[in-house]
Amino acid sequence: MFKVNETFVSINGEGPHAGQLAFFVRFQGCNLNCSYCDTDYARSLNSEYIEKSTHDLVSEIEQSGVNSILLTGGEPLLQDKDSLSFLITTLLDKGYNVDIETNGAVDIKWIDNDVNIIMDYKLPSSNMESDMLIANIKSLQKNDAIKFVCGNDKDLNKVLEIIDKYNLNKKTQVFLSPVFGMLEPSQIVEFIKENNTNDVKVQLQLHKIIWDPDMRGV
Ligand SMILES: C[S@@+](CC[C@H](N)C(=O)[O-])C[C@H]1O[C@@H](n2cnc3c(N)ncnc32)[C@H](O)[C@@H]1O
Ligand SMILES: Nc1nc2[nH]cc(C(=O)O)c2c(=O)[nH]1
Ligand code: SF4
Ligand SMILES: [Mg+2]
């Protein structure tokens, strides 16, 4: 059984499928505690959840008529690995697009190559950088993405260092996003202009622009 905080349909506000209709499964619980986390209601281990099986989730998804699924949280990869693997295989076999948002602190190597992994690299302002599993970077492919959520200039400089060190923009998609309300999007644009940072995309959380930034289930 999975611990599910919420399911809903909205447009994906982040990552390679931003702007596209998606069925969201937000799993409960996280192993990190990022300074800026916008989903505290699903993060803590005593936050709300309902137990759901693969069958429950697949039925909900089929009834929704939505063909792109986003597994997020909390940290989705903390759910039972065999159950998650079965859910993923079932969805892929049925022809669904599957995206996973993960925090960079849990192994991703085992995940089916057809899944689009959107992996954060937690920067210094998150206070979680020491938990990053550098080995995960090797598993990222062209259909995956690495996301840097930047809160200050120190974070931005760290992004450059990591991109250069691992040749990231040649391996996978690279997204730079501001910590909401902490950094002006224009500061990120100026930074990538100043540093001629090619092959990266600046990304804003669309749902926080379209709806009240604190609204849940969107
Ligand atoms: C809530 S997390 C859930 C998935 C996973 N735990 C992770 O951190 O990737 C989903 C995404 O929201 C981003 N996020 C959380 N709080 C944010 C904030 N205040 N501003 C911008 N992005 C934020 C995270 O960095 C992550 O990319
Ligand atoms: N609309 C919308 N798009 C999203 N894309 C990734 C999200 C997440 O919390 O992982 C998210 C979210 O919370 N809402
Ligand atoms: S890893 Fe994701 S869910 Fe966990 S605290 Fe950080 S932003 Fe929140
Ligand atoms: Mg979110």
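Look a little higher up for the structure.
These remarks concern the structure in this document. (Residues numbered from 1 in each chain as written. Chains lettered and ligands numbered in written order. Predicted model: local features only at pLDDT ≥ 70, side-chain atom pairs only at ≥ 80, totals over all residues. Heavy atoms only, no water.)

Regarding the layout of surface pockets
Part 1: Put simply, the largest pocket is a space of about 920 Å³.
Part 2: Along the walls of the largest pocket sit 43 residues, with Glu 14, Arg 26, Asp 38, Thr 39 and Gln 205 positioned nearest its centre.
Part 3: For the lining of the largest pocket, the element with the highest residue contribution is strand 1 (residues 2-11), accounting for 3 residues.
Part 4: Considered class by class, the residues forming the lining of the largest pocket number 17 nonpolar, 12 polar and 14 charged. (1 Å grid on protein atoms, 1.4 Å probe; cavity = no way out; pocket = protein on both sides within 12 Å on 5 of 7 lines; lining within 4 Å. Points joined across faces, edges and corners; volume = space filled by probe spheres on them. Helix = DSSP H or I, 4+ residues; strand = E, 2+ residues; numbered from the N terminus. Nonpolar A, V, L, I, M, F, W, Y, C, P; charged D, E, K, R; others polar.)

Quick word on the sheet that holds strand 8 (residues 173-178)
Part 1: Ordered by their spatial adjacency, 9 strands build an open sheet running 3-1-2-4-5-6-7-8-9, and the pairing between neighbours is mixed. Two strands in the sheet have a free side with no partner beyond their single neighbour: strand 3 (50-52) and strand 9 (201-202).
Part 2: On the sheet, helix 2 (residues 54-64) packs against strand 1, strand 2 (21-27), strand 3 and strand 4 (68-72) and is oriented at approximately 10° with respect to strand 1. (Pairing = 2+ DSSP bridges. Contact = heavy atoms within 4.5 Å. Axes fitted to C-alpha atoms, helices over the stretch in contact; angles between N-to-C directions.)

Quick look at the packing of helix 5 (residues 153-166) against helix 7 (residues 185-194)
Part 1: Orientation of helix 5 relative to helix 7, taken along the N-to-C sense of each, is 40°, at an axis distance of 11 Å. The pairing of helix 5 with helix 7 is recorded here as oblique in orientation. In this structure, the crossing between helix 5 and helix 7 has a hand that is right-handed. Where helix 5 approaches helix 7, its residues Leu 156, Asn 157 and Leu 160 are matched on the opposing element by Gln 187, Ile 188 and Phe 191. (Parallel < 35°, antiparallel > 145°, perpendicular 65-115°, else oblique. Left-handed = near helix turned anticlockwise from the far one by under 90°.)

A look at the nonpolar core
Part 1: Core analysis: the largest hydrophobic core is formed by 52 residues, its most contacted members being Phe 27, Leu 71, Leu 87, Ile 146, Phe 148 and Leu 176.
Part 2: Residues in contact with Phe 148, not counting those within four places in the same chain, are Tyr 121, Leu 123, Val 159, Ile 162, Ile 163, Leu 168, Val 174, Phe 175, Leu 176 and Ser 177. (Core = buried A, V, L, I, M, F, W, Y, C linked by side-chain atoms within 4.5 Å. Buried < 20%, exposed > 50% of the residue type's maximum accessible area, 1.4 Å probe, protein only.)

Concerning the site of ligand 2
Part 1: If you check the shell around ligand 2, you find Ile 11, Asn 12, Gly 13, Glu 14, Phe 24, Arg 26, Leu 70, Thr 72, Glu 101, His 207 and Val 218 and nothing else.
Part 2: One of the side-chain nitrogen or oxygen atoms of Asn 12 is found 2.8 Å away from a nitrogen atom of ligand 2.
Part 3: Contact between ligand 2 and Val 218: a nitrogen atom at 2.9 Å from a main-chain N or O atom of the residue.
Part 4: Contact with the protein chains removes 93% of the 320 Å² of surface that ligand 2 exposes when unbound.
Part 5: The cavity that encloses ligand 2 is the largest pocket.
Part 6: Every element with two or more residues in the shell around ligand 2 is listed here: strand 2 and strand 4.
Part 7: Taken together, the residues of the shell around ligand 2 sort by class into 4 nonpolar, 4 polar and 3 charged. (Near = heavy atom within 4 Å. Polar contact = N/O pair within 3.5 Å; in protein donor to acceptor, adjacent residues only side chain to side chain. Areas by Shrake-Rupley, 256 points an atom, 1.4 Å probe, with all protein chains shown as cover. Sits in = over half its atoms within 2 Å of the grid points.)

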